[in-house]
Amino acid sequence: MPGFYSVWCGECTACCQGTVGQVVEEIASPYTKARPRMRDFVTALKQCAGVECPDCDSNQPLLKLFDLHFPELRIYRSGTIQTSPGVEEIQGSPTEYYRTVGAMIALLAAYVYTTGDEELALDICTGGNRGPMSKDKVPGKFINLGNKPDEFQKFCDTFAMGMKTEEDWWAMLVFLAIHDVGKSDQFRHRVNQILSPNKRTDDHDRVLALALLEPELLEELMPSVRRLGPERIQRIADGFATNFQLPQLGQGEIAVLSLRGLIALPKTRVLDGTLTAYLYHSIFDIAGAACNEKFIWPLAISPVYSGFSQSMEDLIVRLSGEGKPDERSLYYDFLYNNFKKAYPEFEENTFRALCDSRLFRDETGLVMLRILALTRNMYKNPGALLSHLSLSFQTLVNEMAGNARGPQIMLYYGPDMLRMGLGKDMDDESGENLRQALGGMEHLYRMIRSRLENQTAEYQFELNVNPIVVKIKEAGANWQGGSALYNLCTSATFSCNEFLTEGLIKLP
């Protein structure tokens, strides 16, 4: 089965139409039950054997309850699922199903905490054998919130402030159940069938936002959403319409224009909890990322539960103020605090004065912050980076500052590629290691731009560079840093989908 369907192709339509019909029928037929209460899920949760004995059989009552009352979950187990741009889920391994279930359990754990069972809530998200993320292993002993119960308490208390009724908690469960259904090829195909050609898309968040506004599709594919009522449905749709990902902003990964949807969000939606719910869903989603058939329990770690929560609050405060920030200023300000903590002397002695120039801040300054964020601010020679960007990499600056005409390019897995690609020499006193790595990145941008040169529409093109990351991991201790990354990038080609919105790196 192809990775990308054509909405105009008769063979594609014939191929997947029957399967789509079966999924729709399976979803609709059992959905006549009255909605359970949140405490019914908690009861099923307690009946599981728990994190110390996470066998499949003991989890079945909870999973069956999820499947019965959230029939959209079946979409994750039907047909072809795109786990990342251009990459299909391994058949027989429903990764996205268990990731979604894990996110929902993470939400239930927060609910359990508010009912007074703090020990159970914390154990669900932090206990058991989690490999290096276990509470007694490294790095788990430093970031697993089982060792930082006060942080977990603060997270749950803060989140619960927006959950004023049982209906609010239920709506958030529904939100998490459907948040990644757009990764299904069949779902996207069905949505694109009824959209006008200029609205058709392969972006899984955008296609979901459009589907939420179509009563026909709600009836067919998302019955639990339909039951929420018009206002809650509109709020969920408005969140997904921002097409914004908080974790990827913090890593400097997303393109500048990806902040436009966030800035365009009406202030009423910033203040009424719509944006808060949308941003929190990313935290629960990451908590569920490692879940699988044998271990369905989410993981709460400090950089996500505490770090993202603080970043989210800062973002909401900025968007709640007078006037609307522009996308470059919002991006710059979001990354600046962590930059200042990581490079205090460089910020005070060099960078701060340069930022008096708006042109520098919007271009070279912003790109500096993005590149350093890609390394998690672990690269130790910001002066070399400033010199390279000022003298040698104008194409890279134009691309990453959002100045290029037409689509803006995002390197999906870019943080892993650059951080790991630099290898062990993060001190890089000569700056040569970084210069080679930047040359490889610039080559990728040039390669994609040549394919997009006739595209005038402004959207984010996502190039999946994970095949490069895989090669770096395979090399292990033999990886030769920036020069090896340059060689790998310059030898790469790529394939892309029919919409020219996503691509996948191909290596020789």
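The structure this text deals with has already been given above.
Draft legend 1. Structural view of the overall build of the chain. Of regular secondary structure, the chain possesses 27 helices and six strands. Buried residues in the chain amount to 57% of all 508 residues. Counted over contacts in the chain with a minimum sequence separation of 6, partners at least 24 positions apart contribute 75%. In the chain, which carries 51 positive and 64 negative side-chain charges, the distance between the mean positions of the two groups comes to 1 Å.

Draft legend 2. The arrangement of the packing of aromatic side chains in detail. Evaluation of the coordinates by the stated rule reveals 27 aromatic pairs. Look at Phe339 and Phe351: their rings are 4.7 Å apart centre to centre, the planes differ by 55°, and that puts the pair in the tilted class. Here Phe339 is found in helix 19 (residues 327-342), whereas its partner Phe351 is found in helix 20 (residues 344-354), with 12 residues between them in sequence. Both residues of the pair, Phe339 and Phe351, count as buried.

Draft legend 3. Examining the nonpolar core more closely. Core analysis: the largest hydrophobic core is formed by 163 residues, its most contacted members being Phe284 and Tyr305. Setting aside chain neighbours within four positions, we find Phe284 in contact with Ala103, Ala106, Leu107, Phe155, Phe159, Met172, Leu176 and Tyr305.

Draft legend 4. Molecular detail of the environment of Leu319. Looking at the element boundaries, Leu319 is found in helix 18 (residues 302-320). Classification of Leu319 by relative accessible area gives buried; the value is 7%. Taking C-alpha positions, Leu319 is 9.1 Å from Leu265, a pair spaced 54 residues apart along the chain. Sequence-distant contacts of Leu319, defined by excluding residues within four places in its chain, comprise Leu262, Lys267, Val270, Leu275, Pro325 and Leu330.

Draft legend 5. Geometry of the packing of helix 4 (residues 95-114) against helix 17 (residues 274-287). At their nearest, the axes of helix 4 and helix 17 sit 7 Å apart, and the two run at 115° to each other. Relative to helix 17, the crossing made by helix 4 is right-handed. Contact residues: helix 4 offers Arg99, Ala103, Ala106 and Leu107, while helix 17 offers Phe284, Asp285, Ile286 and Ala287.

Draft legend 6. Layout of the pattern of salt bridges. Going through the model one piece at a time under the given rule, you end up with 25 salt bridges. Here Glu220 ties to Arg190 by a salt bridge, and the two come within 3.0 Å at their closest N and O atoms. Taken together, the residues span a long stretch of sequence, with Glu220 in helix 11 (residues 215-221) and Arg190 in helix 9 (residues 185-194) at a distance of 30 residues. Note on accessibility: Glu220 and Arg190 belong to one class, buried. The partner of Arg358 in a salt bridge is Asp362, with the nearest N and O atoms 2.9 Å apart. With a gap of four residues between them, Arg358 and Asp362 both fall in helix 21 (residues 358-374), about one helical turn apart. Since its relative accessible area comes to 15%, Asp362 is described here as buried. Here the salt bridges do not stand alone but share partners, grouping Glu231, Asp238, Arg269 and Asp272 into one network.

The rules we used
Residues numbered from 1 in each chain as written. Predicted model: local features only at pLDDT ≥ 70, side-chain atom pairs only at ≥ 80, totals over all residues. Heavy atoms only, no water. Helix = DSSP H or I, 4+ residues; strand = E, 2+ residues; numbered from the N terminus. Buried < 20%, exposed > 50% of the residue type's maximum accessible area, 1.4 Å probe, protein only. Contact = heavy atoms within 4.5 Å. Lys, Arg positive; Asp, Glu negative; His and termini not counted. Charge placed at Lys NZ, Arg CZ, Asp CG, Glu CD. Phe/Tyr/Trp six-rings, centres within 6.5 Å; stacked < 30°, edge-to-face > 60°. Core = buried A, V, L, I, M, F, W, Y, C linked by side-chain atoms within 4.5 Å. Axes fitted to C-alpha atoms, helices over the stretch in contact; angles between N-to-C directions. Left-handed = near helix turned anticlockwise from the far one by under 90°. Salt bridge = Lys/Arg side-chain N within 4 Å of Asp/Glu carboxyl O.

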